[in-house]
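Notes for the structure review
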Amino acid sequence: MFSIILSTASRYLLPLMLIFSFFLFLRGHNEPGGGFVGGLVAAAAYALYLIANGIEEAKLLLRAEPIKLIALGLFFAIVSTFLSLMTGQDFMTGIWAKNEFPVIGKVGTPLLFDLGVYFLVLGIVLKIIFSLAEEDNK
Amino acid sequence: MNLIIVLPIIVPLLFAVIMLFFWKNIKAHKILNVIASICSLAVAIILISNVNTLGILALQVGSWQAPFGISIVADLLTSIMVLITSVIGLATAIYSLGSMDEQREKFFYYPLLQFLLMGINGAFLTGDIFNLYVWFEVMLISSFVLLALGGKREQLEGAIKYVTLNLLSSAIFLAAVGILYGIVGTLNMADVARKIPFVEEKELVTVVSFLFMVAFGIKAAVFPLFFWLPASYHTPPIAVSAIFAGLLTKVGVYALIRVFTLIFIQDTNFTHTVLLVIAGFTMLTGVLGAASQNDMRKILSFHIISQIGYMIMGLALFSPLAIAGAIFYIIHHIIVKTNLFLVSGVVDKMKGSFNLKKIGGLYRYYPLLGLLFLIPALSLAGIPPLSGFWAKFVVIKAGLEIDQALIVIVALVVGILTLFSMTKIWNEAFWKDDPKGNENKIIDSFSAIKLSKKVLMFSPIIILALITIIIGFNAEPFFNFANNAASQLLNPSEYISKVLGL
C-alpha cells in the first residue's frame, strides 16, 4: 500500500534517524548506546524507507549488499583486535589516541570494534528484512 | 608473544569473512576454504610443538589480568584437539569439493564450515567457563544452519530435535555456570579450581557438578541423553555428517574431561562412579541400538554413542593410564568415525542408497573401496594392530588395574558387538550379491561424476585410513603424547599457576 504522506516523511526521517543512530553509536562509550543499538536504529531507518517506498527503492538507496555490510563489520572487528599487536601489546588490548577529537571524543580500537558491531547489526537486520520483503513480493 | 594461541580461532574467522566479501563467487569459496584449512593445520602444528616444548601457554585477552579477563589457554589436551580438528577440517574441505551440491554452496556452506571450526577451536582453547558457553553457542548456531541447509523434510525434522535438545542443554549449562559463579565468585576455570576446595557447602558443589554433567552429557550424547544424535546425524549431506560425527560430540567429551579433572575433583568417589555407570550404559545402548538398524549412517551414528562410552569410561576410572586412554581414544575415534562416514557417502554415490537391504556387491567392482572401509571399520571394532585396538587396550588395562571388572566386561562385550555391526555392513554392502540381481552395476550418476571429483572424494578417505594405520603401527609416540596430556590434567597446579600467573 503506497502512502504519499509516509513516503514524503520517510525521506526526511531517514537522514535524521541515521544521524541519531550515529549519535547513539558514539554515546555508547560511557553511557547507554553503542554499536548494537546504533545499528538497530540505522536498520530501522532503512526499514521505514522500505515500508514507504518498496523493496526496490530501498535496495537502490542502500547500494551495498547487506551481506557485504556483515562482512565489513566482522572485518573491522578483526582489524581492531590486531592493532594492539603492532604496539607490542597483547592481543585485543585497547589502544587509545592521546588527544580527544572534537565531536567524536576519544578514539581507539574499541571504537573500531564497535563500528564493526554497528555494521554487522545493520547488515544482519537488513538482510532479514529484505528477505522477508522479497518473499512478500513473490 | 602468545599470538599463536588465538590463531586457531582467528584463522577460520578471517577466511570466513573474506568468503563473505566474495559471497557470489563459489569458486573463490572453494579455494579459500581449502587454503583456510591448510593454514589452520599449519597453525595447529606450530601450537602443539610450542606447547610440547614450552609447557602450558596462556594468553590474557585484552591484557585484562586473570581472573578478571578472559584467558585463552593451551595445554597438551587442547592442542591435540585443535590439531585433530584441523585435520578433520581439511579432510572435509577436500571431500566437500567433490561431493557438495551447488545449492548448498550458494547458501554459504563454506563460510559456515569455517565458523563451525572457529567455534570448536574456541571451545577447546578457552580458559573461562562462561566463555566456554559462548563458544558452544557459536558452534551450535553454525551447526544448526549446516544441519538444516537444504531444507528437506527429514532434515528439518532432525534439525528440530537437535536444536531443541541442544538449547535445553545450553540452558542447563548457563544455569550451572550461574550457580557456580554464585558459589565461588569467579568464572576463570583455573581460579575456580583454586577456590573450590575451600567452599563450605560441599553438597552444593556436587549438585553443580551434576548440572554440568547433564549439560555436557547432552552434547556428548551419553546415556540417557543421546536421543537427538541418531535422530539427526543421518539427515544432512555426508560431508556435514562426517564433521559432526567426528567433532561435535567430542567437544562435549572434552568439556567433561576438562571440568571433571580440573574443577570437580573433591568428591570423585561419587561423581566419577556415576560417570562410570553412565559410561557402561552408553556403550551398551549405543551398540545395541546400532544392531537393529539397516541404514549405514544410522548404524554409524549409534556407534558414535557407544564409542563415547569408552571415552567417558577412561575419564571415570580417573587414573593416569585411564585418562591417557580416553585421550588416545578421542584421537583414534575422530579419525576413524569421520572416515567411516565419508566411505558411506561414497557408497551412497555408487549405489544410490544408504539402506543395506537395497545395496550389495560393491567389493566385486570396487575392491579398493572395500579395503578403505575395512581399515576404519576394523579399527573401530578394535582389531589389532589398528589404532582402535590400542585405544581399547589402554582403557581396559586401566580398568583392570583398579579392579573394575564389571565395566571391563561391558567394554569387551561392546567391542565384540561393534565387530558384529561392522561385519554386517561389510556383508550387506560389499560382499553379498546385489539384491535385484540384474543391477550388478554402479549407478549411472556415479559413472557420470568427473574423475577429478572422484579423486577429491577418495583422497581424504585414503589419507585418514593412512593416519589410522600409522597410529596403529606406531602407537607409542601418540600414546606418549596422550600420557603427557593426562599427567598435565591430573596435576592441575601447572595449569592454575600458568593461567593466573602465580
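Residues numbered from 1 in each chain as written. Chains lettered and ligands numbered in written order. Predicted model: local features only at pLDDT ≥ 70, side-chain atom pairs only at ≥ 80, totals over all residues. Heavy atoms only, no water.

Concerning the interface of chain A and chain B
Listed as interface residues are 15 residues of chain A and, on the opposing side, 17 residues of chain B. Between chain A and chain B lies a buried interface of about 1600 Å² when both sides are counted; carbon and sulfur atoms form 83% of it. Considering only the surface of chain A that becomes buried against chain B, Ile 67, Ile 78 and Phe 91 of chain A emerge as the three largest contributors, covering 33% of it. Connecting chain A to chain B are zero salt bridges. For the pair chain A and chain B, the number of links is two residue pairs in polar contact (both at pLDDT 80 or more). Residues that form the side of chain A that touches chain B fall into these classes: eleven nonpolar, one polar and three charged. (Contact = heavy atoms within 4.5 Å. Buried area = accessible area lost by both parts, 1.4 Å probe. Salt bridge = Lys/Arg side-chain N within 4 Å of Asp/Glu carboxyl O. Polar contact = N/O pair within 3.5 Å; in protein donor to acceptor, adjacent residues only side chain to side chain. Nonpolar A, V, L, I, M, F, W, Y, C, P; charged D, E, K, R; others polar.)

A look at the pairing of strand β1 (residues 57-60) of chain B
Residue and element names in this part refer to chain B. Residues Leu 57 and Leu 59 point to one face of β1 and Ala 58 and Gln 60 to the other, with burial holding for every one of them. Alignment of β1 against strand β2 (residues 71-74), held across four bridges, turns out to be antiparallel. Residue pairing for β2: Ala 58 is matched across the bridge by Val 73. (Buried < 20%, exposed > 50% of the residue type's maximum accessible area, 1.4 Å probe, protein only. Helix = DSSP H or I, 4+ residues; strand = E, 2+ residues; numbered from the N terminus. Pairing = 2+ DSSP bridges.)

Regarding the nonpolar core
Judged by nonpolar contacts, the single largest core of 205 residues is most densely connected at Phe 173, Phe 212, Phe 264 and Ile 327 of chain B. When residues of this core are assigned to their parent elements, the largest contribution, 19 residues, is made by helix α14 (residues 320-351) of chain B. Setting aside its immediate chain neighbours within four residues, Ile 327 of chain B contacts Leu 77, Ile 80, Ala 482, Ala 485, Ala 486 and Leu 489 of chain B. Judged by nonpolar contacts, the second largest core, of 18 residues, contains Phe 25, Tyr 46, Leu 122 and Phe 130 of chain A. (Core = buried A, V, L, I, M, F, W, Y, C linked by side-chain atoms within 4.5 Å.)

Details of empty space enclosed by the protein
Residue and element names in this part refer to chain B. Scanning the model with the defined rule gives two cavities of 30 Å³ or more in all. The space that makes up the largest cavity amounts to roughly 50 Å³. Around the largest cavity sit Phe 136, Met 139, Leu 140, Tyr 162, Asn 166, Lys 219, Trp 228, Leu 248, Thr 249 and Gly 252, which together line it. Listed by contribution, the elements that provide at least two residues to the lining of the largest cavity are α6 (129-148), α7 (153-184) and α11 (238-262). Taken together, the residues of the lining of the largest cavity break down into six nonpolar, three polar and one charged. The calculated volume of the second largest cavity comes to roughly 40 Å³. For the second largest cavity, the full set of lining residues is Asp 75, Arg 258, Thr 261, Leu 262, Gln 488, Leu 489, Pro 492 and Tyr 495. Among the secondary structure elements, those contributing two or more residues to the lining of the second largest cavity are α11, α21 (475-490) and α22 (492-500). Of the residues forming the lining of the second largest cavity, the biggest block, three residues, is contributed by α11. (1 Å grid on protein atoms, 1.4 Å probe; cavity = no way out; pocket = protein on both sides within 12 Å on 5 of 7 lines; lining within 4 Å. Points joined across faces, edges and corners; volume = space filled by probe spheres on them.)

A few points about the packing of α14 of chain B against helix α17 (residues 387-401) of chain B
Residue and element names in this part refer to chain B. Contact geometry for α14 and α17: axes closest at 8 Å, N-to-C directions at 160°. Comparing their axes, α17 and α14 come out roughly antiparallel. Crossing handedness for the pair α14 and α17: left-handed. Here α14 contributes Leu 321, Ala 322, Gly 325, Ala 326, Phe 328, Tyr 329, His 332 and Val 336 to the contact with α17, which in turn contributes Ser 387, Gly 388, Trp 390, Ala 391, Lys 392, Val 394, Val 395, Lys 397, Ala 398 and Glu 401. Taken together, the residues of the contact of α14 with α17 sort by class into eleven nonpolar, four polar and three charged. (Axes fitted to C-alpha atoms, helices over the stretch in contact; angles between N-to-C directions. Parallel < 35°, antiparallel > 145°, perpendicular 65-115°, else oblique. Left-handed = near helix turned anticlockwise from the far one by under 90°.)

What to know about helix α9 (residues 202-220) of chain B
All names here are of chain B. A rise of 1.5 Å per residue sets the reference length of α9, with its 19 residues, at 27 Å; its end C-alpha atoms lie 26 Å apart and thus fit the reference within 8%. Regarding α9, the residues found buried are Val 205, Thr 206, Val 208, Ser 209, Phe 212, Met 213, Ala 215, Phe 216, Gly 217, Ile 218, Lys 219 and Ala 220. Residues of α9 that are buried sit in contact with α6, α7, α10 (228-232), α11, α12 (268-291) and α13 (296-317). Just downstream of α9, Ala 221 is the residue with a positive phi angle, here 60°. (Expected span 1.5 Å × (residues − 1).)

Keep in mind that these numbers describe shape and distance, not what the molecule does.
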